[in-house]
Amino acid sequence: MIAEPKPRRFLPEVQSLRAVAVLLVVAYHLEPRMVPGGFVGVDVFFAISGFLITGHLLREVRKTGRIDLPGFWAARVRRILPAAFAVILAVLAATLAFLPATQWKAVGTAALASAFSVENWVLAADSVDYLAADAEPTALQHFWSLGVEEQFYLFWPLLVLLAVWLVRRRAGARERVGRRETTGGLPRTALLLVFGTVILVSLAYSMVLVNSGNPAAYFITPARVWEMAAGGLLALLLAPPEPGLAARSNRLLAAPGVRTALAWGGFAAIAAAAFGFDGGTPFPGLSAALPVAGTLAVILAGETRGALAPQKLLELPAVQWVGNVSYSLYLWHWPALTFFLFFADREPGPAQSIGLLVLSLLLAWASYRWIETPVRTFAPLAASNWRALGAGAAALVLVAALAVAPGTLAEREIVAQERAVATLLASPPPGFGAASVRAGAPAYLEGVRQIVPVPAEAEYDLPDLGECVQKPKSPITVECEKGAVDGTLTIALVGDSHASHWYQAMEATAKQHGWTVLTYLKNSCPFSATKRTAEKDGGISCHQANKDTLKRILARGDVDAVVSGHWSGATFEKGAAEGFSDYWGQLEDAGIKVYPILDTPRPGLKSYARDCVVQHPEELRSCGAPESKAFEANDFTLAAAKLEPRVGVLDFNDQFCADGFCPAVIGNVLVYRDKHHISDTYIRTLAPVFGDRLVERLRTDGLMKAAR
């Protein structure tokens, strides 16, 4: 075993690592182009936490032969909860004061999850939910990493106790775990096996999830715990020898310059990850081993001395101060940034980033000075573990109760608005929704101020197609049959979520004319022979599913036409237009007419249009966009149609824009349910125009006549 010759009570290199970790995270959030892999600061924190917590537990086992679980958890309560709860309460207050009611429920949910240390699991669930994956991050999203650590703090001492108990049971010792008698040593082999098993199993699980493209891998505790366990393993290796045994010297570390080289090498590994990784790096998985190994190398190097040693730099007062306030700085910087993004509706420039950094440092200093330190050293709580745990539980109940308030208030408002919406939909006024485009697309109809759908519920305003719309990672696309049995025409609706936009319009038209409708819908998967770049990264699975869809359509023998649509914000490998025209050409060759739809516009905002219309009900024009800026640049529909001129392109953009402007609200109907998907309500109002234009195309191509 490796042992420090003179154990030190304070480790300035660890404090400097905290400073590096938090500055990397803050820099990544403020200026991601400068530090594209700054997210690895979280992994540095994980490794440090595992090392320190395990070292504390091992010292207690050596000294007393037990672990005082109430004392351990009470210390975590005093250390973690005060500042965390202060941030949660501040975010809740700022949300109710400044944010639109459309965001209250999401912030309340995040506050509740953060208070109970499960925000990482909420984000993991959202990451694999297509509807939630594009959601705006809340001001408490960064609590996910605290959740991982706090879950680690719950079970890790139990594992250490388990190892101690197993060794004593096997040895037939009379001592029972929990008594205060000292055993005089550590069950090193058992702990080594436990820690090593956790590392191997967790790392393997993380690698499997990452390699499968599962975004939940970033958040869930089982995929991250190996990083803290690695720190724990180092703490075990550095633990002093048993009483009466001489310390084993390590000649390699004792050699001149080795500690210095190890320390600089560790910092270099962290820097390589911070500046070499980016959002496309498969993570965590094996990639996280680089910053974790770098962190452990710096800790292993310990105190370095000599001309080139980093110790003097690490011990600088400014570095140590940032390390001291690193926890509070991590807590406060993200809310400061998210509220800036909301009010500015743009990313911060260099000057704004510096201002946000200064603000975050001031908040961190105040939090450390007046919240963290006083509560941690508050005599009544420090004197009694059970009193500290009770105070923590009471504070948790209070914060949880307050976290429910935003959602409750939002729900009351939603219920009142839904009553007004039901009345409006029961008897829509003339010009409702798309019908008012001919009159210049006014936001409000005369005498009517209610917006449909209710903005706070707009994200759920989409076709209820269930399994007929497959998730991005599903290996298949499901065929569903709707409308008339043995209809006069059989028309297939094919594509991604932007094709799903048109389902209600297609269904209404099919019902009117007695058609059969087939759907082949898969989120994030345009109907093209060319792969999306996201598929190469493992985030989606489209190529084979699209090939199978083409085969099924061709094999049926009864499909008269295909209507297709796709999100033009998607990026493809080379030959995007050719990929669309390839499939269209094969369908046309089989006598199946193809009608691709030009993609719809999007609001000219970084935030949601639904938030904007609640915040600016009298200035709704600020929630829309000029027509020249309202469309994605990658719509390959027209380019593909030039390659395959037999198709008939359908263009409905004149139903979204008027006089060079694309509003967010038309005729009292909210056009967008999120950042680029059209609300189902608006599509329903557009159904008559959709039907007229599709029927015109079918008649031009002789299909309506043939059907009659």
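One can find the structure itself at the top, above this paragraph.
Our subject in this report is the structure included herewith. (Residues numbered from 1 in each chain as written. Predicted model: local features only at pLDDT ≥ 70, side-chain atom pairs only at ≥ 80, totals over all residues. Heavy atoms only, no water.)

1. Focus on the overall build of the protein chain
Then, number 1: Each helix and strand counted, the protein chain has 27 helices and 10 strands in total.
Then, number 2: With respect to the three principal axes, the spread of C-alpha positions in the protein chain is 100 × 55 × 55 Å.
Then, number 3: Within the protein chain, buried positions represent 54% of all 708 residues.
Then, number 4: Per element, the accessible surface of the protein chain, about 30,900 Å² overall, is 61% carbon and sulfur.
Then, number 5: Placing the 64 positive and 63 negative side-chain charges of the protein chain at their respective mean positions leaves the two points 12 Å apart. (Helix = DSSP H or I, 4+ residues; strand = E, 2+ residues; numbered from the N terminus. Buried < 20%, exposed > 50% of the residue type's maximum accessible area, 1.4 Å probe, protein only. Areas by Shrake-Rupley, 256 points an atom, 1.4 Å probe, with all protein chains shown as cover. Lys, Arg positive; Asp, Glu negative; His and termini not counted. Charge placed at Lys NZ, Arg CZ, Asp CG, Glu CD.)

2. So, the side chain of Ser-16
Then, number 1: Take Ser-16: it is sitting in helix H1 (residues 12-30).
Then, number 2: Excluding anything up to four places from it in sequence, Ser-16 contacts Phe-267, Leu-314, Val-319 and Gln-320. (Contact = heavy atoms within 4.5 Å.)

3. Some remarks on the state of the cysteines
Then, number 1: Here the structure, examined in full by the defined rule, presents four disulfides.
Then, number 2: One disulfide bridge connects Cys-468 with Cys-480, the sulfur atoms lying 2.0 Å from each other. On the sign convention where negative is left-handed, the bridge of Cys-468 and Cys-480, at about -95° about the S-S bond, is left-handed. Remark: Cys-480 occurs in strand S2 (residues 479-483) and Cys-468 occurs in the loop between helix H18 (385-426) and strand S1 (469-470); sequence separation between them is 12 residues.
Then, number 3: Its relative accessible area of 11% is what places Cys-480 among the buried residues.
Then, number 4: The side chain of Cys-612 participates in a disulfide bridge whose partner is Cys-623; the two sulfur atoms lie 2.0 Å from each other. Measuring handedness by torsion sign, the sulfur bridge of Cys-612 and Cys-623 sits at about -80° and is left-handed. With Cys-612 in helix H24 (residues 609-615) and Cys-623 in the loop between H24 and strand S7 (625-626), this pair connects stretches of sequence that are 11 residues apart. Accessibility assignment for this pair places Cys-612 and Cys-623 in one class, buried.
Then, number 5: What links to what in the protein chain: the bonded cysteines, counted in sequence order, pair as 1-2, 3-4, 5-6, 7-8. (Disulfide = S-S within 2.5 Å.)

4. With respect to the packing of helix H22 (residues 543-556) against helix H23 (residues 576-589)
Then, number 1: Packing of H22 against H23 leaves a shortest axis separation of 10 Å and a crossing angle of 15°. When the axes of H22 and H23 are compared, the pair comes out roughly parallel. Helix-helix and strand crossings are classified by hand; for H22 and H23 the assignment is right-handed. Between H22 and H23, the contacting residues are His-543, Asn-546, Lys-547, Leu-550, Ile-553 and Leu-554 on the first element and Tyr-583, Gln-586 and Leu-587 on the second.
Then, number 2: Grouping the constituent residues of the contact of H22 with H23 by class yields five nonpolar, three polar and one charged. (Axes fitted to C-alpha atoms, helices over the stretch in contact; angles between N-to-C directions. Parallel < 35°, antiparallel > 145°, perpendicular 65-115°, else oblique. Left-handed = near helix turned anticlockwise from the far one by under 90°. Nonpolar A, V, L, I, M, F, W, Y, C, P; charged D, E, K, R; others polar.)

5. Re the packing of helix H11 (residues 258-276) against helix H12 (residues 289-301)
Then, number 1: In contact at an axis separation of 7 Å, H11 and H12 are set at 155° when each is read in the N-to-C sense. Taken as axis vectors, H11 and H12 run roughly antiparallel relative to one another. Where H11 crosses over H12, the two elements pack in a sense that is left-handed. Listed contacts from H12 to Arg-259, Leu-262, Ala-263, Gly-266, Phe-267, Ala-269, Ile-270, Ala-272 and Ala-273 of H11 are Leu-290, Pro-291, Gly-294, Thr-295, Ala-297, Val-298, Leu-300 and Ala-301.
Then, number 2: When the residues that make up the contact of H11 with H12 are grouped by side-chain class, the tally is 13 nonpolar, three polar and one charged.

6. As for empty space enclosed by the protein
Then, number 1: In total, this model carries four cavities of 30 Å³ or more according to the counting rule given.
Then, number 2: Of the volumes computed, that of the largest cavity is approximately 50 Å³.
Then, number 3: Forming the walls of the largest cavity are Leu-81, Ala-84, Phe-85, Ile-88, Ser-114, Ala-115, Ser-117, Phe-143, Leu-146 and Glu-150.
Then, number 4: Elements with a contribution of two residues or more to the lining of the largest cavity: helix H3 (69-98), helix H4 (104-115) and helix H7 (143-171).
Then, number 5: The element best represented in the lining of the largest cavity is H3, accounting for four residues.
Then, number 6: For the lining of the largest cavity, a count of residues per class yields seven nonpolar, two polar and one charged. (1 Å grid on protein atoms, 1.4 Å probe; cavity = no way out; pocket = protein on both sides within 12 Å on 5 of 7 lines; lining within 4 Å. Points joined across faces, edges and corners; volume = space filled by probe spheres on them.)

7. Some words on helix H2 (residues 41-64)
Then, number 1: With 24 residues, H2 extends 35 Å from end C-alpha to end C-alpha; this agrees with the ideal 34 Å at 1.5 Å per step.
Then, number 2: Counting buried residues along H2, 19 of its 24 residues qualify, which places the element largely inside the surrounding structure.
Then, number 3: Within two residues after H2, Gly-65 carries a phi angle of roughly 75°, on the positive side. (Expected span 1.5 Å × (residues − 1).)

8. Some words on the layout of surface pockets
Then, number 1: In this structure, the second largest pocket occupies an estimated 1,600 Å³ of space.
Then, number 2: For the lining of the second largest pocket, the elements supplying multiple residues, two or more each, are H1, H2, H3, H7, helix H14 (317-324), helix H15 (326-344) and helix H16 (350-376).
Then, number 3: Ranked by residue count, the leading element in the lining of the second largest pocket is H2, at 12 residues.
Then, number 4: Its residues assigned to classes, the lining of the second largest pocket shows 23 nonpolar, nine polar and 14 charged.

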